[in-house]
2 protein chains.
Amino acid sequence: MKEEFKVGTMLYPLPVVMVSCGDINGEKNIVTVAWTGTINTEPPMCYISLRKSRHSHRIISETKEFVINIATEQLACATDWCGVKSGRDFDKFREMRLTPVEGRVVKAPLIGESPLNLECKVKEIKELGSHDMFIAEVVAVNAESTLIDKSTGQFQLNHVHPLAYSHGKYYKLGEKLGSFGYSVNKKMQKK
Amino acid sequence: MKEEFKVGTMLYPLPVVMVSCGDINGEKNIVTVAWTGTINTEPPMCYISLRKSRHSHRIISETKEFVINIATEQLACATDWCGVKSGRDFDKFREMRLTPVEGRVVKAPLIGESPLNLECKVKEIKELGSHDMFIAEVVAVNAESTLIDKSTGQFQLNHVHPLAYSHGKYYKLGEKLGSFGYSVNKKMQKK
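Note that the coordinates shown come from a computational prediction; the quantities given were computed from them, not determined experimentally. (Residues numbered from 1 in each chain as written. Chains lettered and ligands numbered in written order. Predicted model: local features only at pLDDT ≥ 70, side-chain atom pairs only at ≥ 80, totals over all residues. Heavy atoms only, no water.)

Some details on the interface of chain A and chain B
We apply this condition: In what follows, residue pairs with any heavy atoms lying within 4.5 Å of each other are defined as contacts. Once two parts are put together, the accessible area they lose, assessed with a 1.4 Å probe and summed over both, is termed the buried area. Salt-bridge detection follows one rule: a side-chain nitrogen of Lys or Arg within 4 Å of a carboxyl oxygen of Asp or Glu. N or O atoms closer than or at 3.5 Å make up a polar contact, with two conditions inside protein: a donor-capable atom paired with an acceptor-capable one, and, for residues adjacent in sequence, both atoms drawn from side chains. Helix numbers and strand numbers start at the N terminus; a helix is a DSSP run of H or I with at least 4 residues, a strand a run of E with at least 2. Note that Gly is not counted as nonpolar here; it falls among the polar residues with everything else outside the nonpolar set of Ala, Val, Leu, Ile, Met, Phe, Trp, Tyr, Cys and Pro and the charged set of Asp, Glu, Lys and Arg. Two strands are counted as paired when DSSP detects at least two bridges linking them.
In this assembly, 98 residues from chain A lie in contact with 98 residues from chain B. Regarding the contact of chain A and chain B, the summed buried area is about 8,400 Å², with carbon and sulfur atoms giving 60% of it. For Lys172(B), the salt bridge identified is with Glu175(A), shortest N-O distance 3.3 Å. For the interface between chain A and chain B, the tally reads 54 residue pairs in polar contact (both at pLDDT 80 or more). Top contributing element to the side of chain A that touches chain B by residue count: strand β13 (residues 169-179) of chain A, with 11 residues. When the residues that make up the side of chain A that touches chain B are grouped by side-chain class, the tally is 50 nonpolar, 28 polar and 20 charged. With 4 bridges connecting them, strand β1 (residues 2-5) of chain A and strand β11 (residues 131-144) of chain B associate as antiparallel partners. Each bridged residue has a counterpart across the sheet, and for Glu4(A) the counterpart in β11(B) is Asn142(B).

As structure tokens, this is what we get:
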């Protein structure tokens, strides 16, 4: 039985990532977002949505660049803290002992402790109401060397437990239920 | 040590949901998407990105409506199957024994077996390259009655193991690492 529920943002689980911005040699900041996702495959494009009041909103509006740093179990506490506190009050890199690392394309710093950093260039800023959506193209990817399977060339992100965010809580990924296409193979095996 | 990796869509984990569309009394279809997320809080807005070749792309372009049906562990196999097969070849509701249920606002059917259905109206279709992004407002939410905590009024989605998608694989959520704000409380406790 279904009942009507208050209209709201109920799409979960979502990724939760640390977005770094600014200039590695100047003002920089980190903001945590769950309003993020992939919007296009070719070219690879992502978005982040930020409230205008966020310190990083002003920075990214000016520089038109940011970096999506995948968060992991080890980074969960820092991820939460960077989402609660403001860059107006704290140097988040220093407070969380995170290492700003030079990007390949953008001036914004990568977070060294994250195993995967997606450098993004903003293509459009879309005002939606409470949030502005920064639509961006991924222009470079930096991956932890030890997580690249040398035989397949694949990045083994699932080995590092990327964080998921669901209804106000952070989770590790749990049991694997199948790979894309498994339902068809399963059916064929039954025949 | 970081190395340059091929540029691609590497933002994970993502939600994976069954999107239903069409008309409950006419042509209807289900398509599975992971290129989805929340883009705005007030008003609540979501997006889905679809290739132009998808059968549902044509339907949603015409009706300007769709429903996001949260997928769960029990629905994992159907979720995968609806992502692999085309509505041109199959009646996916019938093949997967899913129940089309009337929505409150939209003509598109809800999937009865999903515990949470977000009815969405398309505001804009944005061509990005391989995919078109359907930017939509959530206009009604339907929730399984037994999952609404009567004392708090909260919907207990985490009790049903919503699916996450990461690097081509489906996962249940695993260990809970903390709630939003836990890093600050932890620090305060230490003092």
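A look at the packing of aromatic side chains
Put simply, the test is: Pairing of aromatic side chains here covers Phe, Tyr and the six-membered ring of Trp, requires ring centres within 6.5 Å, and sorts the geometry by plane angle: under 30 degrees stacked, over 60 edge-to-face, intermediate tilted.
Taken as a whole and assessed by the stated rule, the structure comprises 11 aromatic pairs over all chains. Ring geometry for Phe5(A) and Phe155(B): centres 6.1 Å apart, planes at 65°, overall edge-to-face. One end of the pair, Phe5(A), is in strand β1; the other, Phe155(B), is in the loop between β11 and β12 (164-166), on a second chain. Grouping aromatic residues by their ring pairs yields a cluster made of Tyr12(A), Tyr165(A), Tyr170(A) and Tyr182(B).

As for the sheet that holds strand β12 (residues 164-166) of chain A
Here 6 strands make up an open sheet; going across it, the order is β2(A)-β12(A)-β13(A)-β13(B)-β12(B)-β2(B) and the pairing antiparallel. The open sheet has two edge strands with one neighbour each: β2 (14-15) of chain A together with β2 (14-15) of chain B. Alignment of β2(A) against β12(A), held across 2 bridges, turns out to be antiparallel. Opposite Pro15(A), over in β12(A), you have Ala164(A) as the bridge partner.

Some details on the confidence of the model for chain A
We count it as follows: The predictor attaches a confidence to each residue, called pLDDT, with possible values from 0 through 100.
Averaged over all residues, the pLDDT of chain A is 94; the fraction at 70 or higher stands at 97%. Listed scores for the predicted complex are pTM 0.95 and ipTM 0.95.

So, the relation of the copies chain A and chain B
Put simply, the rule is: All copies are superposed by least squares; the fitting set is the C-alpha atoms of residues with a pLDDT of at least 70 in both.
When chain A is brought onto chain B, the operation consists of a screw motion whose angular component is 180° and whose axial shift is 0.0 Å, with 0.0 Å RMSD remaining. What we have between these two chains is a two-fold relation. Distance from the rotation axis, computed per C-alpha, reaches its smallest value in chain A at Gly174(A): 1.8 Å. Comparing contact sets, 100% of the residues at the interface of chain A also lie at the interface in chain B, consistent with an isologous, same-surface contact.

Considerations on the pairing of strand β6 (residues 45-51) of chain B
Residues and elements named next belong to chain B. Counted only if it meets this: Throughout, exposure labels follow a simple rule: accessible area from a 1.4 Å probe, protein chains only, divided by the maximum for the residue type, with under 20% read as buried, over 50% as exposed, and the rest as partly exposed.
In terms of burial, β6 is a largely internal element, 6 of the 7 residues being buried. Sheet analysis places strand β5 (residues 36-40) next to β6, joined by 4 bridges and oriented antiparallel. Paired with Thr 36 across the bridge in β6 is Ile 48. Remark: 4 residues form the turn of the hairpin made by β5 and β6, two consecutive strands paired antiparallel. Relative to β11, β6 is paired through 7 bridges, and the arrangement is antiparallel. Its bridge partner lying in β11, Arg 51 is registered against His 131.

Things to note about the side chain of Thr38(A)
Looking at where Thr38(A) falls in the secondary structure, it is placed in strand β5 (residues 36-40). Thr38(A) has contacts with Met45(A), Cys46(A), Thr9(B), Leu11(B), Leu14(B), Trp35(B), Thr36(B) and Tyr47(B), leaving out every residue within four places of it along the chain.

Examining the pairing of strand β10 (residues 116-127) of chain B
Residue and element names in this part refer to chain B. Relative to β10, strand β7 (residues 65-70) is paired through 5 bridges, and the arrangement is antiparallel. Bridge assignment links Ile 68 to a residue of β10, and that residue is Leu 118. Between the antiparallel neighbours β10 and β11 lie 3 residues, among them Gly 129 with a positive phi of about 145°.

What about the nonpolar core?
Going by this rule: In plain words, nonpolar cores are sets of buried Ala, Val, Leu, Ile, Met, Phe, Trp, Tyr and Cys residues tied together by side-chain atoms within 4.5 Å.
If you look at the biggest cluster of nonpolar residues, it comprises 42 residues, and the most contacted ones within it are Phe66(A) and Ile68(A). Among the elements of the structure, β3 (17-22), β4 (28-33), β6 (45-51), α1 (55-63), β7 (65-70), β10 (116-127) and β11 (131-144) of chain A are those that each provide at least two residues to this core. The element that contributes the greatest number of residues to this core is β11(A), accounting for 5 residues. Leu11(A), Leu163(A), Val19(B) and Val31(B) belong to the second-largest nonpolar core, a separate cluster that totals 41 residues.

Section: the environment of Gly112(B)
With respect to the helices, strands and loops of the structure, Gly112(B) is situated in the loop between β9 (110-111) and β10. Since its relative accessible area comes to 26%, Gly112(B) is described here as partly exposed. Taking C-alpha positions, Gly112(B) is 27 Å from Ile125(B), a pair spaced 13 residues apart along the chain. Here Gly112(B) is in contact with Lys2(A), Thr99(B) and Val101(B), once residues within four sequence places are set aside.

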